[in-house]
Protein chains: 2
Amino acid sequence: MPNFETRASIASFGGKLLKLTHHSKTTQTPMNLNLFLPASAFTHPSRKLPLLIYLSGLTCTADNCSEKGFFQHGASLHNLAILYPDTSPRGLNLPNESDSWDFGSGAGFYVDAETDGYRDHYRMESYITTELPELLWGEGGDYRELIDGGRVSITGHSMGGHGALTLYLRHPELYRSVSAFAPIANPLNCPWGQKAFKGYLGEDQGKWREHDATELVRRWGEGKKGELRMLVDVGTSDSFASQGQLLVENLEKAVVGSGLKAGKEGVEVRYQKDYDHSYYFMASFADEHVEYHAKFLKE
Amino acid sequence: MPNFETRASIASFGGKLLKLTHHSKTTQTPMNLNLFLPASAFTHPSRKLPLLIYLSGLTCTADNCSEKGFFQHGASLHNLAILYPDTSPRGLNLPNESDSWDFGSGAGFYVDAETDGYRDHYRMESYITTELPELLWGEGGDYRELIDGGRVSITGHSMGGHGALTLYLRHPELYRSVSAFAPIANPLNCPWGQKAFKGYLGEDQGKWREHDATELVRRWGEGKKGELRMLVDVGTSDSFASQGQLLVENLEKAVVGSGLKAGKEGVEVRYQKDYDHSYYFMASFADEHVEYHAKFLKE
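One structure accompanies this document, and this report is about it. In this text the structure is predicted, and so the values were computed from the model without any measurement.

## Regarding the relation of the copies chain B and chain A
- Least-squares fitting of chain B to chain A yields an RMSD of 0.0 Å, with the transformation described by 0.0 Å of translation along the axis and a rotation of 180 degrees. Put plainly, the chains are arranged around a two-fold axis. Judged by C-alpha distance, Lys-68 of chain B is the residue of chain B that lies nearest the rotation axis, at 2.5 Å.

## Some words on the pairing of strand 7 (residues 178-181) of chain A
All names here are of chain A.
- Where burial is concerned, the two faces of strand 7 agree: the one with Val-178 and Ala-180 and the one with Ser-179 and Phe-181 are both buried.
- Strand direction decides the pairing type here: strand 7 and strand 8 (residues 230-235), joined by four bridges, are parallel. Residue pairing in the sheet places Ala-180 in a bridge with Val-232 of strand 8.

## Observations regarding the nonpolar core
- In terms of nonpolar packing, the biggest core is built from 103 residues, with Phe-71, Leu-136, Tyr-200 and Met-230 of chain B touching the most fellow members.
- The dominant element in this core, judged by the number of residues it contributes, is helix 11 (residues 279-297) of chain B, at eight residues.
- Residues Met-31, Leu-51, Tyr-175 and Leu-216 of chain A belong to the second largest nonpolar core, which totals 97 residues.

## Observations regarding the environment of His-211 of chain B
Residue and element names in this part refer to chain B.
- Relative to the assigned elements, His-211 resides in the loop between helix 7 (205-209) and helix 8 (213-222).
- Sequence spacing of His-211 and Gly-163 is 48 residues, and the spatial spacing of their C-alpha atoms is 8.6 Å.
- Excluding residues that lie within four positions of it along the chain, His-211 makes contacts with Val-111, Glu-125, His-162, Thr-166, Arg-170, Pro-187, Phe-197, Leu-201 and Leu-216.

## Side note on the interface of chain B and chain A
- On the side of chain A, 22 residues touch chain B, which itself brings 23 residues to the contact.
- Carbon and sulfur atoms supply 60% of the area buried between chain B and chain A, which totals about 1,900 Å² over both sides.
- At the surface where chain B touches chain A, the tally comes to four salt bridges.
- Between Glu-67 of chain B and Lys-68 of chain A there is a salt bridge; the shortest N-O distance is 3.8 Å.
- Where chain B packs against chain A, one counts seven residue pairs in polar contact (both at pLDDT 80 or more).
- Of all the elements in the fold, those that place two or more residues in the side of chain B that touches chain A are strand 1 (5-12), strand 2 (15-24), helix 2 (62-68), helix 3 (71-78) and helix 11 of chain B.
- Classifying every residue of the side of chain B that touches chain A by side-chain character gives eight nonpolar, seven polar and eight charged.

## Side note on helix 3 (residues 71-78) of chain A
All names here are of chain A.
- Counting buried residues in helix 3 gives six out of eight residues, a clear majority hidden from the surface.
- Residues of helix 3 that are buried include every one of Phe-71, Gln-72, His-73, Gly-74, Ala-75 and His-78, and no others.
- Two residues or fewer past helix 3, Asn-79 is found with a positive phi of approximately 65 degrees.

Thresholds, definitions, all that
- Residues numbered from 1 in each chain as written.
- Chains lettered and ligands numbered in written order.
- Predicted model: local features only at pLDDT ≥ 70, side-chain atom pairs only at ≥ 80, totals over all residues.
- Heavy atoms only, no water.
- Least-squares fit on C-alpha atoms with pLDDT ≥ 70 in both.
- Buried < 20%, exposed > 50% of the residue type's maximum accessible area, 1.4 Å probe, protein only.
- Helix = DSSP H or I, 4+ residues; strand = E, 2+ residues; numbered from the N terminus.
- Pairing = 2+ DSSP bridges.
- Core = buried A, V, L, I, M, F, W, Y, C linked by side-chain atoms within 4.5 Å.
- Contact = heavy atoms within 4.5 Å.
- Buried area = accessible area lost by both parts, 1.4 Å probe.
- Salt bridge = Lys/Arg side-chain N within 4 Å of Asp/Glu carboxyl O.
- Polar contact = N/O pair within 3.5 Å; in protein donor to acceptor, adjacent residues only side chain to side chain.
- Nonpolar A, V, L, I, M, F, W, Y, C, P; charged D, E, K, R; others polar.

Such coordinate-based values are descriptive only and should not be taken to indicate function.
Here it is, written out as structure tokens:
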């Protein structure tokens, strides 16, 4: 019996976007996700594909980026699969789960929660790093013949940029490279991050630090863990950046302060003139991010 | 005083997507539209740009394709402007205007209505072929310095594919080429078309024929009006095609029956394996359509 039910198979850029559903053991809820397979998955099924994980931002489901991000265009060119997970479990009726758009439903923040109620379900870190890989390309995975689990990279937007950066920094053995669009880069010091960390991890800020990209980059430098393969784009007209929610400049300072390689050969942070926080921004640079990851995924 | 109010200017694929509003004399309502200008409009403003008009389908506004159609990607490569008009006037409270998704609001069908109530407002043919050109690139147009009114082509999706085909066939002097994604190609003979034509044009089917692409192609051949530059794509998994709403095969038969040039040098109808009716389909072939038009627009 397959792990996933295929709700739809939609032709896109020469390949197929599969809309999948399963009952997650990690979140103890049904979960939706999308998986894009480029044409070669069907024409040359014996050749395993590298995969790029895309983590979405606040309020999004797996569908937003599938429709508006144009990753399928680059993925077809470079012959990659793309995995679009959802941003949280849904429909649990936990306290505060549906009261605001920046906490609970649609806002899982890619951590394993430790607070009452949430700890049994809101475990998006384990879901992304353990359960989905097992069920998709692990030994019993539905797509084990098609996806090469040794060649996986990760990207994301906004809250998903935070997710991509922290999952890469916490589990470098899982991913070859990371990139982010307008990430929440220093959640310890912004309202979105503080609210989410308090709600999911409780009052102990020591725990928060374990999920803060800027903090983790600083430690990476101190631990001399070697090369970071990281590309970050943020728009100069991003209203959430100007409200202090993203703090990409703190991440950049941590890179420089830690003596990590900056620029094209290491951690590259680019400020894109006039771009905002929307999918218009993301779609404009999706091709470049896919190309960035393809370089490492083809090694 | 400019003709349009600019509600937003959004960076996209190196250029800008402008969200514009004006009070239309043709529809006697406020109308929204989007205009994409590629980078060169800002870096080389003295070089006039060719323009592609994109007409949207049922239920859509100017925003759907701007977000999900991927035309800005090709337009940036080929240095074209793109105009996304709305699909109807809105908010008039006419009888039946808001009762169904395939008539009235969001479903103007690109004709000048003749029925009571509608005749004073639902005049999308005049709006697209006369008012918008005057206000955008005509003598008093806000973008007359940037857009070359002598180099305009037209495309569209579903109801907008019907619009693109019929406006090109009725006004060949205005457009260099036409293309369509899953167009309502023979509205005389499908439920969507019959409902709309009855509602906007009344009972006289003679009038309906003037707005039917298949009928107009047949006459074009009989009138020996010369080359048709027309590209049509439709998916083989398009559920509206299988329900008999599109009838692209009738258009194709009219081409062949009229002795018009078929294939790459004339009217090309392509059946795209497995594609559906959605923006996933459109986005997948947007680049090819932009390239098709660019060939004629650069002549």
